[in-house]
Amino acid sequence: MSERIAPGIRAYLAGEVAAAGGREVSFAAEVDRDGVITAARVVARGTVDMVLALPGMACRGEMMLHNHPSGYLSPSQADLNVAARLHDGGIGFGIIDNGATELYVLVEVPRVREISRIDPFDVIDTLGERGPIAAHLGQYEDRRSQRDMAAYIADAYNDGGIQLMEAGTGVGKSFAYLVPALAWARTNQERTIVSTNTINLQEQLVGKDLPLLREALATDEYTPSFALLKGWRNYLCLLRLNQAVGSQRTLLEQDKVDELIRLSEWSSHTADGTLSDLPVMPSPEVWDEVSAEADLCPRLKCPHFDRCFLFRARRRAAEADVVVVNHHLLAADLSVRRAQDNWEDAAVLPPYKRLVLDEGHHLEEVAASHLGVQVTSRMVRRLLSRFERNNRGLAPTLLHDLAGRTDQPSRESAELLRERLFPALADARRASDAMLVRLYERLAEAPSGQLRLGDDFAVDAIWDEGLAFELDATLTAFRALREVVEMVADRLAQADDTERRGRALSELGGALRRMDAISDGLNRTLRPAPGGPSTVRWMERSARSQNVQLSAVPLDLAPLLRELLFDRLDTVVLTSATLAASGDFDFLESRLGLGGESSPVTERQIFPSPFDYPSQCLFGVPTDLPEPREDEVGHGAAVVQIVCDLAFASDGGMFVLFTSHASLRRAAAELRMALGARWPLLVQGEAPRDVLLRRFREAENAILLGTDSFWEGVDVPGRALRALVINKLPFKVPTEPLTAARLERLAEEGQDGFVHYLLPHAALKLKQGFGRLIRSRKDLGVIVLLDSRAVTKRYGPMLLGGLPRAERVVGTWSQVRTKCEDFFARHGIGAIV
């Protein structure tokens, strides 16, 4: 009997094997200093190669155990293959008999590998004129700031710590962090997670930068690897797709069936099975039925597991040197790890200790959405429609499958569906519709359709007017639905179940779990329990779609981010073109929990853009316009007139950035009349962003009107963009619920909210907008800020101080316009050459 298995653990191992009928079971085991197995957990049931499909199933320093039912413990070829792969991850491998009395150790747990430092000078040389990247490209563009930034980041890998690295446009920050990350992976076999905010940057990293670096840096011994990982619902689930196709007559209405068939055809030739690979976006109702869902996934038991798009991506990510994700997926991973208290194994992401946060200034806002709760009327209605809509949906599908069955459990289940589930569903629809309409109408009285829900909301008249009854009725109907589905599942467990019926029940169970989340969200937003951490609650409505959104997010995100993220990692690099406000990082540090005397930040650097802004760019601020706060109508008219004037000077090729959708729509209507058809007018909301940008680039004389999503993450180098108009300073609305709560908190701490929150936020946003124009050393153009407060108010220097040093003109619009016309004429661009 092996002395390397502790007696209590031996009984556990043998018990799990017996429970599996003596078939093959794989365990992840903990091993003490003497090599004795002291703890174990089941990670897979089935042949041993199944464990390779489970990224993160064991941690470095553990041993994988696998039983041979024959009792013959010599390793098979599959054992050898698995053991070799596990050893590379620092994991041992052993074989036991069914009674766990004998142990054959094929590979001992590798000793903890010593961390090897990477040489910052090697990193610099890699990016230099004689380096492999320049050789691969066949050209070299000197970027000293890029090399300096890469050297600092190499130090962060070697010594640990948190770095704040602002890199102006043209520095080449992606190579500055990817080269050290790949050098570290080559030397220490340790991955880096790179998180971005925008899809554009993700596509640049995985579609351009990383493939180029893989080719340039590959050697006989090492080829860099990378992977893109998205959230579950981005992937098509082949199992759910097959079930939906098989149940199409009862699951979907006829106009959606054709769409489902097209998805089925696409599934056989798609590269990655994600939404972004679809030529046409599917309707939400169809995608709801076929997208991957964590709580519906049978994982290894799925007949399509080997072909699964999601798990193929997860396997690639588990083996990659660099894994590219977005901030939403990173925040979802933090949320799951927090709920499970899991900081070592895989969660939404594979385990990691090195993180690059590109576009890092967005982290706080994204984290707020994932560490809080949100319920929308669209979410509620779509979920109820999944149960049943026009005699289609999950419940009619299950009822159709039960029709004609004569066994008692099936007959009782069908009766429960007809007499209990459908009435409860009707009750839930009536109550939730009434509740949501009442909330929507209440928001008609609120400024901008938003209402912050403070303690006084508990005595708002809306409760006595019917909200109390409707909320209780909705939650009661949700509970009734749960009870019916559980009873149906219990009865069908006694019957000769079919795979199709089992999948329908699984889908119903998944819908119920979402219903539970909605119930929790309704209570936490409308009727929260007393006590607990400070939370900001609000509701808002969308006039266009008649949608109501309820939200509750933690007020103090800084300590949460410090605890959940920054204090748990060895290396974190936060980078962006805009991290510093007026030359310092205090604002960002305070928002992310990195400020104060105990700040963990080890390096703060600003790498200026290498572009020659004084000769490439003119920046004008007219001083004779109506102030936007005092005369909104007059200011709006001035914006339209100036856009028209500038269009004639530049011959189009213009971005006009707004701070609200309302002002954008008003300007669009007036500009259509004023400009006619001379220049293509592209308006955000009238087509997808990517389509608008493609048309803008192709036209080369278009005028594009955009709001928030066009202030950053948009790259239009070359002649197509030669004029940028910013309609006013991008201050947050101080009455917006989350902003108001943050300002109140600062006031309680004795700080001026305008100076310490609104102003630095506006400075960063303005710098982002400014950065849309000059994207290469050859770009030329003018930027006009139509808000004289930037030069007339005392806070103006803080707003303008962080902008690139372009040639600047401040004066009447006539003076600014003349300078713009001279600039275009001098450089031979625009309409007056």
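Keep in mind it's a predicted model, so treat the numbers as computed, not measured.

S.K.: Describe the sheet that holds strand β23 (residues 807-811), naming the residues involved and giving the relevant values.
M.R.: Taken together, 7 strands build an open sheet; the order of strands is β19-β20-β18-β21-β22-β17-β23 and the sheet is parallel. Edge positions in the sheet fall to β19 (681-683) and β23, since each of these pairs with one other strand and no more. Geometrically, the sheet is characterised by an average inter-axis angle of 15° between neighbouring strands, direction not taken into account. Inspection of the sheet shows strand β17 (residues 617-622) paired to strand β22 (residues 781-785) by 4 bridges, in the parallel sense. If you follow Cys617 over to β22, its bridge partner there is Gly781. Seen against the sheet, helix α23 (residues 632-650) touches β18 (654-657), β20 (703-706), β21 (723-726) and β22 and runs at an angle of roughly 160° to β18.

S.K.: Let's hear about the environment of Ser650: which residues, and what values?
M.R.: Of note, Ser650 is situated in helix α23. A C-alpha to C-alpha distance of 7.1 Å links Ser650 and Arg722, two positions 72 residues apart in sequence.

S.K.: Could you give an account of the nonpolar core, with specific residues and numbers?
M.R.: In terms of nonpolar packing, the biggest core is built from 72 residues, with Leu229, Tyr352, Leu355, Leu357, Leu565, Phe566 and Leu574 touching the most fellow members. With 5 residues, helix α12 (residues 309-319) is the largest single contributor of residues to this core. In contact with Leu565, other than residues within four places in its own chain, are Leu334, Tyr352, Leu355, Leu357, Leu363 and Leu560. Counting 50 residues, the second largest nonpolar core, distinct from the first, contains Leu443, Ala446, Leu451 and Val488.

S.K.: Which residues make up the packing of α23 against helix α30 (residues 813-827), and what values go with them?
M.R.: Look at α23 against α30: their axes get within 9 Å of each other, and the N-to-C directions meet at 20°. By the angle between their directions, the pair α23 and α30 is classed as roughly parallel. As for the relative orientation of α23 and α30, their crossing is right-handed in sense. Residues Ile642, Asp645, Leu646, Ala649 and Ser650 of α23 form the contact with α30, whose participating residues are Trp813, Arg817, Cys820, Glu821 and Phe824. Residue composition of the contact of α23 with α30, by class: 6 nonpolar, 1 polar and 3 charged.

S.K.: Describe empty space enclosed by the protein, and please don't skip the residues or the numbers.
M.R.: Evaluation of the coordinates by the stated rule reveals 7 cavities of 30 Å³ or more. For the largest cavity, the calculated volume is near 140 Å³. Residue lining of the largest cavity: 15 residues in total, with Cys237, Cys297, Pro298, Cys302 and Cys308 positioned closest to the centre. Of the residues belonging to the lining of the largest cavity, the class tally is 12 nonpolar, 1 polar and 2 charged.

S.K.: Give me the sheet that holds strand β12 (residues 450-452): which residues, what numbers.
M.R.: Strands in a sheet are paired, the pairing made by backbone hydrogen bonds, and the direction either parallel or antiparallel. If you walk across this open sheet you meet the 4 strands as β11-β14-β13-β12, and the pairing is antiparallel. Each having just a single partner strand, β11 (373-376) and β12 make up the two edges of the open sheet. The sheet shows a mean angle of 15° between the axes of neighbouring strands, direction not considered. For β12 and strand β13 (residues 535-542), the ladder comprises 3 bridges, and the chain directions are antiparallel. Counterpart to Arg452 in the pairing with β13 is Trp538.

S.K.: Describe the packing of helix α13 (residues 327-340) against helix α14 (residues 363-371), and please don't skip the residues or the numbers.
M.R.: In contact at an axis separation of 9 Å, α13 and α14 are set at 45° when each is read in the N-to-C sense. In terms of orientation, α13 and α14 fall into the oblique class. For the pair α13 and α14, the crossing hand works out as right-handed. For the pair α13 and α14, contact is made by His327, His328, Leu330, Ala331, Ala332, Ser335 and Arg338 and by Leu363, Val366, Ala367, Ser369, His370 and Leu371, respectively. Within the contact of α13 with α14, the residues separate by chemical class into 7 nonpolar, 5 polar and 1 charged.

S.K.: Describe the pattern of salt bridges, and please don't skip the residues or the numbers.
M.R.: Here the structure, examined in full by the defined rule, presents 46 salt bridges. With a closest N to O distance of 2.8 Å, Glu108 and Arg4 form a salt bridge. One end of the pair, Glu108, is in the loop between β5 (103-107) and α3 (120-127); the other, Arg4, is in the segment before α1 (7-19), with 104 residues separating them in the sequence. Here Glu108 falls in the partly exposed class, since its relative accessible area comes to 43%. For the salt bridge of Arg742 with Glu365, the shortest nitrogen-to-oxygen distance reads 2.8 Å.

S.K.: Please provide a residue-by-residue account of the side chain of Arg386, values included.
M.R.: Within the secondary structure layout, Arg386 lies in helix α15 (residues 377-387). Of the residues examined, Arg386 reaches a relative accessible area of 5% and is grouped as buried. The contact partners of Arg386, leaving out residues within four places of it in the chain, are Arg240, Asp288, Glu289, Gly393, Leu394 and Glu507.

S.K.: Explain the pairing of strand β1 (residues 25-31) to me, using residue names and the numbers behind them.
M.R.: For β1, a buried count of 5 out of 7 residues is recorded, marking the element as mostly surrounded by other parts of the structure. Direction of pairing for β1 relative to strand β2 (residues 37-45): antiparallel, over a ladder of 7 bridges. Looking at the pairing, Phe27 lines up with Val42 of β2. Hairpin remark: β1 followed by β2, antiparallel, with 5 residues in the connecting loop; positive phi at Gly35, about 85°. Note: β1 against strand β3 (residues 63-67), 4 bridges, orientation antiparallel. Its bridge partner lying in β3, Ala28 is registered against Met64.

S.K.: An account of the packing of aromatic side chains is needed here, citing residue identities and associated values.
M.R.: Applying the stated rule across the entire model yields 17 aromatic pairs. Between the aromatic rings of Phe305 and Phe311, the centroid separation amounts to 5.1 Å while the plane-to-plane angle is 40°, which identifies the pairing as tilted. Here Phe619 and Phe770 contribute two aromatic rings whose centre-to-centre distance is 5.3 Å and whose plane-to-plane angle is 75°, an arrangement assigned as edge-to-face. On the criterion of sequence distance, the pair formed by Phe619 in strand β17 and Phe770 in helix α27 (residues 753-770) is long-range, its members being 151 residues apart. Exposure class is identical for Phe619 and Phe770. Each is buried. A cation over an aromatic ring shows up here: Arg541 above the ring of Tyr440, its NZ or CZ 4.2 Å from the ring centre.

S.K.: Please provide a residue-by-residue account of the side chain of Gln146, values included.
M.R.: Along the polypeptide, Gln146 turns up in helix α5 (residues 144-159). A residue is classified by how much of its surface remains accessible, and Gln146, at 7% relative accessible area, is buried. In contact with Gln146, other than residues within four places in its own chain, are Leu127, Val171, Gly172, Phe175 and Ala176.

S.K.: Can you explain unusual backbone geometry? Please cite residues and give values.
M.R.: Backbone geometry at Ser448 places phi at a positive 60°, although glycine is not the residue there. Relative to the assigned elements, Ser448 resides in the loop between α17 (408-443) and β12. Despite not being glycine, Ser582 has its phi angle at roughly 55°, a positive value. Secondary-structure assignment places Ser582 in the loop between β15 (571-576) and α21 (586-592). Judged by relative accessible area, Ser582 falls into the partly exposed class, the value being 34%.

Basis of the calculations
- Counting from 1, residues in each chain are numbered in the order their sequence is written.
- Since the coordinates come from a predicted model, pLDDT governs what is reported: local features require at least 70, and pairs of side-chain atoms require 80 or more to be given and counted, while whole-chain, interface and lining totals use all residues.
- Based on all heavy atoms of the structure, the side-chain values leave hydrogens and waters out of the count.
- DSSP bridges decide pairing: two strands pair if at least two such bridges lie between them.
- Labels follow the DSSP assignment, with helices taken as runs of H or I lasting at least four residues and strands as runs of E lasting at least two, numbered in each case from the N terminus.
- Interaxial angle, 0 to 180 degrees, is taken between N-to-C directions of lines fitted to C-alpha atoms, where a helix line uses only the stretch in contact.
- Should any heavy atoms of two residues lie within 4.5 Å, those residues are considered in contact.
- Residues enter a nonpolar core if they are buried and are Ala, Val, Leu, Ile, Met, Phe, Trp, Tyr or Cys, with the set joined through side-chain atoms within 4.5 Å.
- Accessibility here uses a 1.4 Å probe with only protein chains present; expressed as a share of the type maximum, an area under 20% marks a residue as buried, one over 50% as exposed, and anything in between as partly exposed.
- In what follows, roughly perpendicular refers to angles from 65 to 115 degrees, roughly parallel to angles under 35, roughly antiparallel to angles over 145, and oblique to any angle outside these ranges.
- Each helix crossing is assigned a hand: it is left-handed if the near helix lies turned anticlockwise from the far helix by less than a right angle, otherwise right-handed if that turn is clockwise.
- Residues are grouped as follows: Ala, Val, Leu, Ile, Met, Phe, Trp, Tyr, Cys and Pro are nonpolar; Asp, Glu, Lys and Arg are charged; all remaining types, including Gly, are polar.
- Cavity and pocket criteria rest on a 1 Å grid covering protein atoms alone: a 1.4 Å probe that fits but cannot get out defines a cavity, protein on both sides within 12 Å along at least 5 of 7 lines defines an open pocket, and an atom within 4 Å of a point defines a lining residue.
- Grid points are joined across faces, edges and corners, and a volume is the space filled by probe spheres set on the points.
- Any carboxyl oxygen of Asp or Glu within 4 Å of a side-chain nitrogen of Lys or Arg constitutes a salt bridge here.
- Stacked, tilted and edge-to-face are the three classes assigned to paired rings of Phe, Tyr and Trp, where Trp is represented by its six-membered ring and a pair needs centres within 6.5 Å; plane angles under 30 degrees give stacked, over 60 edge-to-face, the rest tilted.
- Think of it as a cone above the ring: NZ of Lys or CZ of Arg counts as a charge over the ring if it is within 6 Å of the ring centre and within 35 degrees of the ring normal.

All quantities given are derived from atomic positions and should not be read as evidence of function.
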